[in-house]
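# Coordinate analysis (summary)
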Amino acid sequence: MRNRKRTKNKAETRIVVDKEKWGVNDNTYAIPPDFYYDVEYECSDCSERSVWTALQQKHWYEELGKTINSFAKRCQICRARINADKEDQKRHMVEMANKPEHPNEKFFKKG
Ligand SMILES: [Zn+2]
C-alpha cells in the first residue's frame, strides 16, 4: 500500500461495494471491502498527486470488471497523453495497412 492513502477530506465519499460484482474475474477468495473510499496516489509518470475517487473505483472494478489487484497509476493528464499516443500509433498502422504495396515488396516477404 506504499504510495496510496485515503484522502484527508473529511467529507470524503464512501460508496458501498457490490460484493456480487467485485472480483468476479479474479477467481479469488479474497474478502471484498465494505466500501470504496477516495484514495490519493502519486502518478507514476509525472509524480503529481491525484485522487482516485470511490466512484471511479466502483466503475473500474464492478462495471469494467477489472482485477482487484489493479490500481490507478497515472493521473488524468498522463493517461490522456498515453491514449493520444496510442491513437496516433493506430492511425499510423491503418495508414500503413492501406498503403499500396510496393512492386518489390513481395520479394522481401517470407511465406
Ligand atoms: Zn501524471
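Look above for the structure.
Residues numbered from 1 in each chain as written. Predicted model: local features only at pLDDT ≥ 70, side-chain atom pairs only at ≥ 80, totals over all residues.

## Quick look at the overall build of the protein
Counting its secondary structure elements, the protein contains three helices and five strands. A buried classification covers 8% of the 111 residues belonging to the protein. Pairs at least 24 residues apart make up 61% of the contacts formed inside the protein by residues separated by at least 6 positions. (Helix = DSSP H or I, 4+ residues; strand = E, 2+ residues; numbered from the N terminus. Buried ≥ 20, exposed ≤ 12 C-beta atoms within 10 Å, placed from the backbone. Contact = placed C-beta atoms within 7 Å.)

## Here we look at the sheet that holds strand β4 (residues 39-42)
Strand pairing in a sheet relies on backbone hydrogen bonds, with the paired strands running either antiparallel or parallel. Spatially, β1-β4-β5 is the arrangement adopted by the three strands of the open sheet, whose pairing is antiparallel. Each edge of the sheet is formed by a strand with only one pairing partner; in this case those strands are β1 (4-6) and β5 (49-52). Pairwise comparison of adjacent strand axes, ignoring direction, gives a mean angle of 30 degrees for this sheet. Two strands pair when backbone bridges link them, and β1 and β4 are joined in this way by three bridges, in the antiparallel orientation. Following the sheet pairing, R6 is matched in β4 by V39. (Pairing = 2+ DSSP bridges. Axes fitted to C-alpha atoms, helices over the stretch in contact; angles between N-to-C directions.)

## Regarding helix α1 (residues 54-63)
Among the residues of α1, those classed as buried are A54, Q57 and Y61. Projection of α1 onto a plane perpendicular to its axis shows the buried side chains occupying an angular sector of 60 degrees, all on one side. Residues L55 and E63 are exposed on α1 and point more than 90 degrees away from its buried face. For α1, the secondary structure elements touched by its buried residues are β2 (14-16), β3 (35-37) and β5. Positive phi appears at G65, one or two residues downstream of α1, with a value of about 65 degrees. (Arc of directions from axis to C-beta.)

## Some thoughts on the pairing of β5
In the sheet, β4 pairs with β5 via four bridges, with the strands oriented antiparallel. Note on β5: the bridge partner recorded for E42 is R49. Hairpin connection, β4 to β5: the antiparallel pair is bridged by six residues, and S47 has positive phi, about 65 degrees.

## Some details on the environment of T28
By the secondary structure assignment, T28 is in the loop between β2 and β3. Once the C-alpha coordinates of T28 and I15 are considered, the two residues, 13 residues apart in sequence, prove to be 22 Å apart. Those residues within four positions of T28 in sequence are excluded, and the remaining contacts are G23 and I68.

## Some details on unusual backbone geometry
Trans is the common state for peptide bonds, and a negative phi is the common state for residues other than glycine. With a phi angle near 55 degrees, N27 is a residue other than glycine that sits in the positive phi range. If you trace the backbone, N27 turns up in the loop between β2 and β3. By C-beta crowding, N27 is classed as exposed, having 6 other C-beta atoms within 10 Å. Even without a glycine there, the phi angle at S47 is positive, about 65 degrees. In this fold, S47 is placed in the loop between β4 and β5.

## Describing helix α2 (residues 76-98)
In an α-helix, one turn spans 3.6 residues; hence positions three or four apart end up facing the same way. An ideal rise of 1.5 Å per residue puts 33 Å on 23 residues; α2 measures up with 33 Å between its terminal C-alpha atoms. For α2, the buried fraction is low: zero of the 23 residues fall into the buried class. (Expected span 1.5 Å × (residues − 1).)

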